[in-house]
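Remarks on the overall topology
Read off the chains here:
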Amino acid sequence: MAFGKGCHLHLIDGSAYIFRAFHALPPLTRKSDGLPIGAVSGFCNMLQRYVEENAGPDAPTHVAVIFDKGSHTFRNDMYDQYKANREAMPEDLRPQIPLTRTATEAFNIACKEIEGFEADDIMATLACQARRAGGRVTILSSDKDLMQLVGDGVEMLDPMKNKRIDREGVEEKFGVGPERVVDVQALAGDSVDNVPGAPGIGIKTAALLINEFGSLEELLDRAEEIKQPKRRQTLIDNRAQIELSKKLVQLDEGMDLPFSLDDLEVRDPDPEILLGFLTDMEFRTLTKRVADRLGAEAPVIPEATAAVTEEAAPDWPAIDAATYTCVRDLETLHAWIDRAQQVGTVAVDTETTGLNDMRCELVGVSLAVAPGEACYIPLAHRAEGGDDLFGADDLADGQIRMQAALDALKPLLQDPSVMKIGQNMKYDAKVLSRYGIEIAPIDDTMLMSYAMHAGEHGHGMDTLAERYLAHTCIPIKDLLGSGKSMITFDRVPIDKATGYAAEDADVTLRLALTFKPQLHRAGVTRVYETMERPLVPVLKQMEMTGIAVDRDVLSRMSNAFSQKMAMLEEEIHDLAGEKFNVGSPAQLGEILFEKMSLPGGKKGKTGKYSTPADVLEDLATEHDLPGRVLDWRQLSKLKSTYTDALQEHINPDTGRVHTSYSIAGANTGRLASNDPNLQNIPVRSEEGRRIREAFVAPEGKTLVSLDYSQIELRILAHMADIDALKQAFRDGQDIHAMTASEMFNVSMEDMTPDIRRQAKAINFGVIYGISGFGLARNLRIPRAEAQGFIDRYFERFPGIRKYMDDTKAFAKEHKRVETLFGRQIHTPEIAAKGPRAGFAQRAAINAPIQGTAADIIRRAMIRMPDAIAKLPVRMLLQVHDELIFEVENGAVDDLIGVAKGVMENACDPVVKLDVPLVVDAGQGANWAEAH
DNA sequence: CCTGTCACG
DNA sequence: GACGTACGTGACAGGG
C-alpha cells in the first residue's frame, strides 16, 4: 500500500528505548556465556508490548524504529562542543547496540539509521513526508527536541507516561506553538546537548520574548527595544551564539533518504526468525509470551552450562594450579581465542619482567574463559640453567614466537564485542600498548572492588581472593624469591609460571563474576561506569606520554644543595660541639634535649625524642642550632626526594618522566601518584618551587596549567547549603576575607592580612573536621582562643554544624558516607571507642567534600580527550585540583578555552551546584611559570 | 619492616 | 573527666 491519506505512521525513537531499557534494568547477562543483555532484554520487552498495544482499530499502517548512528554529526561540524557533556556510552551497553538492530529486524519492523545524522533528523524528514502525503504521524518519544514537529497531523506519545503531546502540550511545555519551539530553544539553550543559548535566559523568559516579538529573527533585529538592560545586552552580545544555537536545535526535515515511506509498511513477524532470536538471547519468559501470541510452539531453551549467573555460582570447580593449560603452539592458542570469542568475556593477565609498566618486558599472557578454564601462554621465558656466560639469554623451548602470538591475540583483545576483564587493567593495557595492542573494552575487578568497598579493605588481588573467594593466591615470592637473589619472571620455569599466571586469570574472572552483579545492588554502577572504568584509558595515555624534565637543571641544583648542606653541617657540628648525624632525629634529640637541655623534648613510642619542624621552630628563638637543622632538612629533602631522585626517573627510551597513578589508592576517590610522585613537587617555599623549572615544555610547545579555584570550599558551601558562602562565590568575592568579615565584624575595607589568614585556617579546618586543638596548633594560639573562633564560626554559619552533625549521623547509621555523585566511602571505624572514633568522624566529614572534588576532576579528565582531540595538545598530569597540558605554542588559547569549559562544566548533567566552578589558567615554558 | 619527617592538595 | 586530635596522600632516611 502506498503511503497516503488514511495512513498512520509510527516513529519509534530507538536510542531512547535502549537507554531506558539499560538504565531501568539490573545488568543481566546471558546465562550460557555472560554476554551482557539487559538492555536487549528490556528493548525486546518494550517492542513486544508496543506490538500488543497497537493491534486495535487505531493500529498504525506504517512503523519504523529510528536509531542514531555514529557520534559525529553535521552539528559537530558547526559547533565542536555539541553534546560534549555527554557521558560516554557504558561499556556494558556497547556490545548490545548491534543486537537491538537485530532484534528490531527479528520483529520485522523497519529499522533505520544513517551515518552522521541523528535519529531526530530522520524522524523529522519522515514526519514531513508523511504530513505532505496527507497521513497521520505519531512519534513515540519524550524528547523535547522533537516537539518542533508537532501539529498538522503529527503528534508525540510519551511512552513512559503514556501521554499524548499535541499543540497544547507543546505550548504548555515551551510557552509557544511548535513552529516557534526552535526559537525558544535557541535562546534557552540546553545543558544536556550542550547547546549554549543566551546566558541567563531560560525557557520562561525565552517564550516571553518570542511571544512579544513574534520570532527569533525579529527579536534579534529589534533587541535594542528590550526594556530590561541586562537582558537587552545579553541578546546583543550573544547574537552569534544564539543564531548558532538555533541551527543546532533545528531538525533537518529535508534529508535525502535512501528509502521511502512505503518501505515502512507494517509487516507480521516470521515466527521462526523472531522466536529463533529470542531463544538465542535466552529470554525464557518473553519467548513464551511471543510464541503464545503467534500461536507457535515455544522453543526449549537449554539450561545454561557455564556458571555465569546473577550470583557467583557455588558449584565452581576448585581453584587448582595443576588444572591449567600451558599453550605452546598456535593451534592451541587459536582454540582458546575462538572459545573466548564465543563466550564474549575473557579474563586477561600479563606477566612481565618487572613492576614498571613503561620499562618491563612482556613474558607471557594468561586467559580465563570460565571458572577453572584458564591457560598460560609463555612467550619470553629464558632457558633454564643458563646462568653462565653462554645461553643465559636464550629463549626456552616450546614457546610460540612472540610476534605470532601477539598477531593472533590482537583481534581478540581489540574486539569491541568481547569484554576483557583484568585486575588493575591499566598496567596490562600499558604493557600491551607498547607491543602494539590497544586492549578494549575492559572491565577491572580492582575498580569494581574500589567502587563497592573503598575504606573497607585494600583492592589487591590477593586480598580480594581471600575475602571473596576464600582462596589464598600463590605468592609471587614462591616464584621469584626476594631480596638480592630475586629473579625476574622470565627466569621462572614455564611449568611453575603456568600455575601462577593462569590462576591469576582464573581468580580475576571469578572476582568479576562475583562483583559485577553486586555493583547494581550496591548502587555504584554509575560510579564504576562513569568515574572509574573510563579513567583507565585516559590515565594510560597521560602516563605513557610523560612529562619532559631537564636533567641539567636538576643536576645543577643537586650540586648547589650539596655545597650548602656541607656548610650547614659544619656549622651544626660546631654549635653542637660534636659530630653527629644531622639526619638522625634520634641523635639530634639527644643533642638538643640532653646535651643542650633545651625545653620541649617529647619522646615517641620508640622512646626516642621527636624533633618535628614545629618544635624546632619554637626552639629557634632559644638557640641557633635548630634553625640550621631546619635549613639542612629542607635542602636534604629537596635533594634526595626531588633533584636526585627525579633524574633517576627519566626514561631512557622517551627522555621523559612517567609517573603512575593509582586509581584505587586513596579512599576518597582521589588519585595517588607514584614512581615518582608528581603530586608533591614543591611549590610553597621559594627554593623548592624552583624545582618546577626543571619540568619543561619541548621546543615550540608550552605547558598550560588549569586549576579549580577553591573547589572544596565551593563544594562545602553547596553541600552544607550556606547562603552567605554561596552568594560570596557567585559574586566572585574573596571567600576568606568574607569569612573573616562575618566572624570578626570587620568590614572588607579594614581587612588585615592577619585576620584573613586566621579565617582561612578556619575555613580549611572546617573541611578537615575542625577541632579546637587542631586549629590552635595550626594558628599557634591558645586552645581556648581557637575554640572561641570555632564557636563564633558555628554561630554565624549554623548550617556548617548541621552538615557536620548530619554527616556523622549518616556515617554512624550506614557505616559509610557518599559524594554528590554517589561515590561511597566506607567508615568502619565510626563506631570505634577511644581516639579512633575521633579520627573516623573527621574523616567522615572530610570524605564527601574531598571525594566530590575528586569526582569532578575525574569527570573532566574523562571528557577531556574528546574535547581536545582536534588540538595539538596532550594532557600530562593531574594534581588533585589541577591539570597540566603540553600544547603547541599556536594553540594555547584554544586549549585554555576548551579545557576550561570542560572543567567548569564537569558536573553536568548529573549534579547542579549552587555555586559556579571557576578554573584559573597559567602558561609558560616550565611548570614554575605555568602554575 | 617500622617510624619520623616533610613534600603536595 | 581524661585522652588525644585537624583531612588525604608518597618518598626518603635511619635504625632495628
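Calculation criteria
- Residues numbered from 1 in each chain as written.
- Chains lettered and ligands numbered in written order.
- Predicted model: local features only at pLDDT ≥ 70, side-chain atom pairs only at ≥ 80, totals over all residues.
- Heavy atoms only, no water.
- UniProt positions renumbered as here; feature names shortened; annotations may be inferred.
- Near = heavy atom within 4 Å.
- Polar contact = N/O pair within 3.5 Å; in protein donor to acceptor, adjacent residues only side chain to side chain.
- Core = buried A, V, L, I, M, F, W, Y, C linked by side-chain atoms within 4.5 Å.
- Buried < 20%, exposed > 50% of the residue type's maximum accessible area, 1.4 Å probe, protein only.
- Helix = DSSP H or I, 4+ residues; strand = E, 2+ residues; numbered from the N terminus.
- Contact = heavy atoms within 4.5 Å.
- Pairing = 2+ DSSP bridges.
- Domains from an automatic or database assignment.
- Buried area = accessible area lost by both parts, 1.4 Å probe.
- Salt bridge = Lys/Arg side-chain N within 4 Å of Asp/Glu carboxyl O.
- Disulfide = S-S within 2.5 Å.
- Axes fitted to C-alpha atoms, helices over the stretch in contact; angles between N-to-C directions.
- Parallel < 35°, antiparallel > 145°, perpendicular 65-115°, else oblique.
- Left-handed = near helix turned anticlockwise from the far one by under 90°.
- Nonpolar A, V, L, I, M, F, W, Y, C, P; charged D, E, K, R; others polar.
- Phe/Tyr/Trp six-rings, centres within 6.5 Å; stacked < 30°, edge-to-face > 60°.

Taking an unreviewed UniProt entry as the reference, chain A is identified by name as DNA polymerase I belonging to Sagittula marina. The heading Subunit (unreviewed entry) in the UniProt record of chain A holds the text "Single-chain monomer with multiple functions." On record in UniProt, under Function (unreviewed entry), the comment for chain A is "In addition to polymerase activity, this DNA polymerase exhibits 3'-5' and 5'-3' exonuclease activity."

**A few points about the protein's contact with DNA strand B**
As a structural note, the neighbourhood of DNA strand B is formed by 20 residues, with Ser610, Thr611, Ala613, Val683 and Arg684 the closest of them. The protein-proximal atoms of DNA strand B, defined as those within 4 Å of the protein, are 76% sugar or phosphate. Threonine 611 has a polar backbone atom sitting 2.3 Å from a phosphate oxygen of DNA strand B. Here arginine 670 contributes a side-chain N or O atom positioned 3.1 Å from a base nitrogen of DNA strand B.

**Some words on the nonpolar core**
One finds Ile377, Tyr708, Ile800, Ile856, Met861 and Phe885 to be the most contacted residues of the largest nonpolar core, which totals 199 residues. Considering every element that reaches this core, the biggest residue donor is helix H20 (residues 494-522), with 12 residues. Every residue in contact with methionine 861, bar those within four places of it in the chain, is listed here: Leu535, Val538, Leu539, Met542, Leu671, Met875, Gln878 and Leu883. Counting residues in each nonpolar core, the second largest holds 52 residues, with Phe174, Ala207, Leu251 and Phe259 among its members.

**Remarks on the sheet that holds strand E11 (residues 419-422)**
Backbone-to-backbone hydrogen bonds pair the strands of a sheet. The strands run either parallel or antiparallel. Spatially, six strands are ordered E7-E10-E9-E8-E11-E12 in an open sheet, and the strand pairing comes out mixed. Each edge of the open sheet is held by one strand with a lone partner, namely strand E7 (325-326) and strand E12 (442-444). Where E7 lies against strand E10 (residues 373-378), two bridges are found, and the strand directions are parallel. Note on E10: the bridge partner recorded for threonine 325 is cysteine 375.

**What to know about the domain arrangement of chain A**
Taken domain by domain, chain A holds domain 1 (8-264) and domain 2 (321-533). A separation of 44 Å is found between the C-alpha centroids of domain 1 and domain 2. Taken together, the contacts link 11 residues of domain 1 with 14 residues of domain 2. Of the roughly 970 Å² buried between domain 1 and domain 2, counting both surfaces, carbon and sulfur atoms make up 55%. Taken as a group, Asp33, Glu91 and Asp92 account for 45% of the area that domain 1 buries against domain 2, more than any other trio of residues on that side. Our count for the contact surface shared by domain 1 and domain 2 stands at one salt bridge. Note that lysine 516 and aspartate 92 form a salt bridge whose closest N and O atoms lie 2.6 Å from each other.

**Some remarks on the state of the cysteines**
Enumeration over the complete set of coordinates arrives at zero disulfides. Here cysteine 473 stays unpaired: no disulfide links it, and the sulfur of cysteine 375, its closest cysteine neighbor, is 17 Å away. Taking relative accessible area as the criterion, cysteine 473 reaches 6% and is therefore assigned buried.

**Details of the packing of helix H7 (residues 181-188) against helix H11 (residues 239-249)**
The contact between H7 and H11 brings their axes to 8 Å, and the two run at 130°. With respect to their mutual orientation, H7 and H11 come out oblique. Like other packed secondary-structure pairs, H7 and H11 cross with a definite hand, here right-handed. Contacts between H7 and H11 involve Val182, Asp183, Gln185, Ala186 and Leu187 on the former and, on the latter, Ile242, Ser245, Lys246 and Val249. Residues of the contact of H7 with H11, tallied by class, amount to five nonpolar, two polar and two charged.

**Points about the pairing of strand E20 (residues 701-708)**
Within E20, six of the eight residues are buried, leaving the element largely enclosed by the surrounding structure. Bridge count for E20 against strand E25 (residues 919-924) is six bridges, and the pairing is antiparallel. The residue of E25 that forms the bridge with tyrosine 708 is valine 919.

**Digging into the UniProt feature "domain: 5'-3' exonuclease" (unreviewed entry) in chain A**
Sequence positions flagged by UniProt for "domain: 5'-3' exonuclease" (unreviewed entry) are, in local numbering, residues 4-267. Annotation note: span residues 4-267, helix share 41%, strand share 10%, distance between end C-alpha atoms 17 Å.

**Considering unusual backbone geometry**
In most cases, non-glycine residues show a negative phi, while peptide bonds are predominantly trans. The linkage connecting alanine 440 with the following residue, proline 441, adopts the cis geometry, with an omega of -10°. Considering the arrangement of structural elements, one finds proline 441 in the loop between helix H16 (425-434) and E12. Phi is positive for serine 597, which is not a glycine, with a value near 50°. Tracing the backbone shows serine 597 in the loop between helix H24 (585-595) and strand E14 (602-603). Residue classification places serine 597 among the exposed residues on the basis of a relative accessible area of 54%. Phi angles above zero are rare outside glycine, and arginine 780 is one such case at about 55°.

**Quick word on H7**
Judged by how many residues are buried, H7 sits mostly within the fold: eight of eight residues are covered. Trailing H7 by a residue or two, glycine 189 shows a phi angle of about 70°, which is positive.

**A few points about the protein's contact with DNA strand C**
Ser584, Asp675, Asn677, Phe773 and Arg783 are the nearest of the 31 residues found near DNA strand C. Backbone atoms, meaning sugar and phosphate, form 65% of the atoms of DNA strand C found within 4 Å of the protein. Between DNA strand C and arginine 777 there is a distance of 3.1 Å, counted from a phosphate oxygen to a side-chain nitrogen or oxygen. Within the side chain of glutamine 850, one N or O atom sits 3.2 Å away from a sugar or linking oxygen of DNA strand C. Broken down by secondary-structure element, the contributors of at least two residues to the surface near DNA strand C are helix H26 (625-648), strand E18 (672-674), helix H31 (753-767), helix H32 (772-779) and helix H35 (835-867). The biggest single contributor to the surface near DNA strand C is H35, with five residues. Taken together, the residues of the surface near DNA strand C sort by class into 10 nonpolar, 15 polar and six charged.

**Details of the packing of aromatic side chains**
Overall, the coordinates contain 10 aromatic pairs when judged by the stated rule. Seen in terms of ring centroids, tyrosine 17 and phenylalanine 43 are 6.2 Å apart; in terms of plane orientation they differ by 75°. Their pairing is edge-to-face. Of this pair, tyrosine 17 sits in helix H1 (residues 14-24) while phenylalanine 43 sits in helix H2 (residues 38-53), and the two are 26 residues apart along the sequence. Their ring planes at 35° and their centres at 6.1 Å tell us that phenylalanine 43 and phenylalanine 67 sit as a pair that is tilted. With phenylalanine 43 in helix H2 and phenylalanine 67 in the loop between strand E2 (62-66) and helix H3 (74-78), the pair connects residues that are 24 residues apart, well separated along the chain. Here phenylalanine 43 matches phenylalanine 67 in class, with each residue buried.

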